[in-house]
Amino acid sequence: MESPQVTVRHEADGVCVVVCSGEFDLDTAGTLTGTCEREADAKLLVLDVARVTFADSSFLNVLIRLRNTRAVALAGPLPTQLRRLLEMTGAVHLFEFREAPGGDG
């Protein structure tokens, strides 16, 4: 298993970019939750998911809970497995998608 990593970058206008990489499941999705909770003041939370190698329903649950409580966008390109998860569950329509944020994450 590729350990999940979550890093944060603050950009102009209150945008917070959270870069996710690795595998996220029931045991590790809390890493993302904790990081995003610490960024509660961000005007927009952009989750860069381009480097997510695996995501299960626990990761999807975190994404949906975040989206239901604040402004959230996903940046990619979306990995094939994550796109499939979002499409199969119908959740793909819940999110705004953006180009990958500037910088190398």
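The structure contained in this document is the topic of the report that follows.

Rules behind the numbers
- Residues numbered from 1 in each chain as written.
- Predicted model: local features only at pLDDT ≥ 70, side-chain atom pairs only at ≥ 80, totals over all residues.
- Heavy atoms only, no water.
- Pairing = 2+ DSSP bridges.
- Helix = DSSP H or I, 4+ residues; strand = E, 2+ residues; numbered from the N terminus.
- Right-handed = clockwise from strand over helix to strand, strands pointing away.
- Phe/Tyr/Trp six-rings, centres within 6.5 Å; stacked < 30°, edge-to-face > 60°.
- Buried < 20%, exposed > 50% of the residue type's maximum accessible area, 1.4 Å probe, protein only.

## Regarding the pairing of strand β3 (residues 44–55)
Summarising the sheet, strand β2 (residues 15–24) and β3 pair through 9 bridges and their orientation is parallel. Within β3, the residue paired with Val17 across the bridge is Val46. You can see the chain leave β2, run along helix α1 (residues 30–38) and come back into β3, and the turn it takes is right-handed. Bridge analysis of β3 against strand β4 (residues 72–75) gives 4 bridges, and the strand direction is parallel. When the bridges of β4 are listed, Asp48 appears paired with Ala75. Between β3 and its parallel partner β4, the chain crosses via helix α2 (residues 57–69), and the hand of that crossover is right-handed.

## Side note on the packing of aromatic side chains
Applying the stated rule across the entire model yields 1 aromatic pair. On the numbers, 5.0 Å between centres and 40° between planes, the contact of Phe24 with Phe59 is tilted. On the criterion of sequence distance, the pair formed by Phe24 in strand β2 and Phe59 in helix α2 is long-range, its members being 35 residues apart. The pair formed by Phe24 and Phe59 is uniform in burial state, with each residue classed as buried.

## Quick look at unusual backbone geometry
For residues other than glycine, phi is negative in most cases, and the peptide bonds are mostly trans. Looking along the chain, the bond that leaves Gly76 and enters Pro77 is cis, with omega of 25°. Structurally, Pro77 is set in the loop between β4 and α3 (80–89). Notably, Asp13 is not glycine yet its phi reads approximately 60°, a positive angle. Tracing the backbone through its elements, the reader meets Asp13 in the loop between β1 (5–10) and β2. What makes Asp13 exposed here is its relative accessible area of 67%.

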